[in-house]
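# Examination of the molecular architecture
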Amino acid sequence: MKNVILYLMLGLGILSCSKVPITGRRQNNLMKETNLIEMSKKQYADFLAKSKVLPDNDPRAQRVLRVGNRIKDATEKFLTSKGYAKRLNGFEWEFKTVDEDIVNAWCMPGGKVCVYTAILKLCKTDDELAVVMGHEIAHAIARHGNERMSNQMLVNGVGSVLAPQDPNQVSIFQQVFMGSATLGMLKYGRNHESEADKLGLVFLKIAGYKPEAAIGFWEKMASTGGQKPPEIFSTHPSDERRIKDIKEFLTEIDTYIN
Ligand SMILES: [Zn+2]
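Residues numbered from 1 in each chain as written. Predicted model: local features only at pLDDT ≥ 70, side-chain atom pairs only at ≥ 80, totals over all residues. Heavy atoms only, no water.

### Notes on the confidence of the model for the protein chain
Averaged over the protein chain, the pLDDT score is 85; the fraction of residues at 70 or greater is 82%. Low pLDDT (under 50) marks residues 180–184, which in the prediction has 13 contacts with non-local residues, meaning those over four places away or in another chain. (pLDDT = per-residue confidence, 0-100. Contact = heavy atoms within 4.5 Å.)

What follows is the structure in C-alpha cells.
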C-alpha cells in the first residue's frame, strides 16, 4: 500500500526523486528539503537555547569548528564539481559543541551540527573527529532525515504532504528527530548508516584527513562499550560488518573522488 501511494504521488509530481551522490541510490522524498531545513533551523535554535553550548573561543569548540569548516569547504567544492550543488540549497552550516556526557554527535538537515564533549574527548586526533563529523554531515547531504520523515508521514497518513508548515508536520518532525531522549538522535537503519559511512569517508578524505582512521575509531568505540554502550552505538548500529564494509570501501574510495 505504501508503495502504491508513493508511486501515485510520484506521478502527480508531489514527490521529488533524486540521486544520492557517490552511491547513486535513487530516493523519493515527500517533503521539500528546504521546508525540512526551515523546520530544523527553529528546532536547532531551541535546542541550543537550552543546552550547555561551549563559547566559540573554548579550545574544544574551536577544534570542532576547525574540522567542521574544513570538511564543509571540501564537501561543497566536491558536490558542486560533481553536479550536486542543488543538494546544498538552504544550507546554513553551524558547528556547536555541547558540554554533556554523551558519546554522540549529529547533524540536522541544513548543516546544523552538534558534537558532545564526551565523544570529542574520545577522538584523540582530528582525523578521528573528522570520521565522526564527516559521517554526520553525510546524513544531512544524503537527506536521510527527509527519508525518515517521509516514512513517518506515510505511517501517519499522507494528508500533511500538501501543507508543509502544518502542525501535523511539525509533530512528525518531533517524532522523527526527538523521539529519543536527546534531540537529533534519530535512529538510522543499516542502509543509511552504510551510506553515511561511505559519503563521510569521501568528504573527510578530500578535506585532507585520513579515512583509515575510521577503522581504529570504530574498533575503539566497540571496545569502550562496557556496561553502558556509547550513545553513538544505539543511534548508529555498529558491528564487525560495518568495519569490514569500511575496509572494503577504502580500497575503492579514490574512484569516487577522481
Ligand atoms: Zn549515522
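### A closer look at the pattern of salt bridges
Here the idea is simple: oppositely charged side chains can pair when their charged atoms come close. Across all of its chains, the model carries 19 salt bridges by this definition. In this structure, K96 and D56 form a salt bridge, with 3.7 Å as the shortest nitrogen-oxygen distance. Of this pair, K96 sits in strand β3 (residues 94–98) while D56 is found in the loop between α2 (33–49) and α3 (59–81), placing the two residues 40 residues apart along the sequence. Using a relative accessible area of 18% as the deciding quantity, one classes K96 as buried. Accessibility expressed as a relative area gives 41% for D56, which makes it partly exposed. One salt-bridge network, in which partners are shared between bridges, spans R25, E147 and E195. (Salt bridge = Lys/Arg side-chain N within 4 Å of Asp/Glu carboxyl O. Helix = DSSP H or I, 4+ residues; strand = E, 2+ residues; numbered from the N terminus. Buried < 20%, exposed > 50% of the residue type's maximum accessible area, 1.4 Å probe, protein only.)

### Concerning the pairing of strand β4 (residues 105–108)
Here β4 shows a buried face lined by A105 and C107 and a second buried face lined by W106 and M108. When β4 meets strand β5 (residues 112–116), the two strands line up antiparallel, connected through 4 bridges. The partner of C107 across the bridge, within β5, is V113. As consecutive antiparallel partners, β4 and β5 are separated by 3 residues, and within that stretch G110 has a phi angle of approximately 90 degrees, a positive value. (Pairing = 2+ DSSP bridges.)

### A word on the sheet that holds β4
Two orientations exist for strands paired in a sheet by backbone hydrogen bonds: parallel and antiparallel. If you trace the 3 strands from one edge of the open sheet to the other, you get β3-β5-β4, paired in mixed fashion. On the outer flanks of this sheet lie β3 and β4, each paired with one strand and no other. For this sheet, the mean inter-axis angle between neighbouring strands, taken without regard to orientation, is 15 degrees. Where β3 and β5 come together, 5 bridges link them in parallel fashion. Considered in β5, the bridge of T97 is made with V115. (Axes fitted to C-alpha atoms, helices over the stretch in contact; angles between N-to-C directions.)

### Regarding the nonpolar core
Counting residues in each nonpolar core, the largest one holds 54 residues, and the members touching the most others are I71, V115, M133, F203 and W218. Looking at this core, the elements that each hand over two or more residues are α3, β4, β5, α4 (117–122), α5 (126–141), α8 (190–206), α9 (213–223) and α11 (240–250). (Core = buried A, V, L, I, M, F, W, Y, C linked by side-chain atoms within 4.5 Å.)

### Describing the side chain of D58
Mapped onto the elements of the fold, D58 is located in the loop between α2 and α3. For D58, the side chain forms a polar contact with the main-chain nitrogen of R60, separated by 2.8 Å. (Polar contact = N/O pair within 3.5 Å; in protein donor to acceptor, adjacent residues only side chain to side chain.)

### Quick look at the side chain of S150
By secondary structure assignment, the location of S150 is in helix α6 (residues 144–156). Owing to a relative accessible area of 4%, S150 belongs among the buried residues under this scheme. Engagement of the side chain of S150 in a polar contact is seen with the backbone nitrogen of L30, the distance being 2.9 Å. For S150, the side chain forms a polar contact with the main-chain oxygen of N146, separated by 2.7 Å. Residues contacting S150, with those up to four places away along its chain left out, are N28, N29, L30 and M31.

### Here's the deal with helix α7 (residues 167–177)
Quick reminder: α-helices carry 3.6 residues per turn. Residues three or four places apart thus point the same way. Those residues of α7 not exposed but buried are Q169, I172, F173, V176 and F177. The buried residues of α7 occupy an angular sector of 115 degrees when projected down its axis, which confines them to one face. (Arc of directions from axis to C-beta.)

### Points about α3
The first and last C-alpha atoms of α3 sit 33 Å apart over 23 residues, in line with the 33 Å expected at 1.5 Å per residue. All of the buried residues in α3 are A61, R63, V64, V67, G68, I71, K72, A74, T75, F78 and L79. Between a side-chain oxygen at the N-terminus of α3 and the backbone nitrogen of R60 the separation is 2.8 Å; the capping residue is D58. Note on α3: the residue one or two positions beyond its end, G83, has a positive phi of about 85 degrees. (Expected span 1.5 Å × (residues − 1).)

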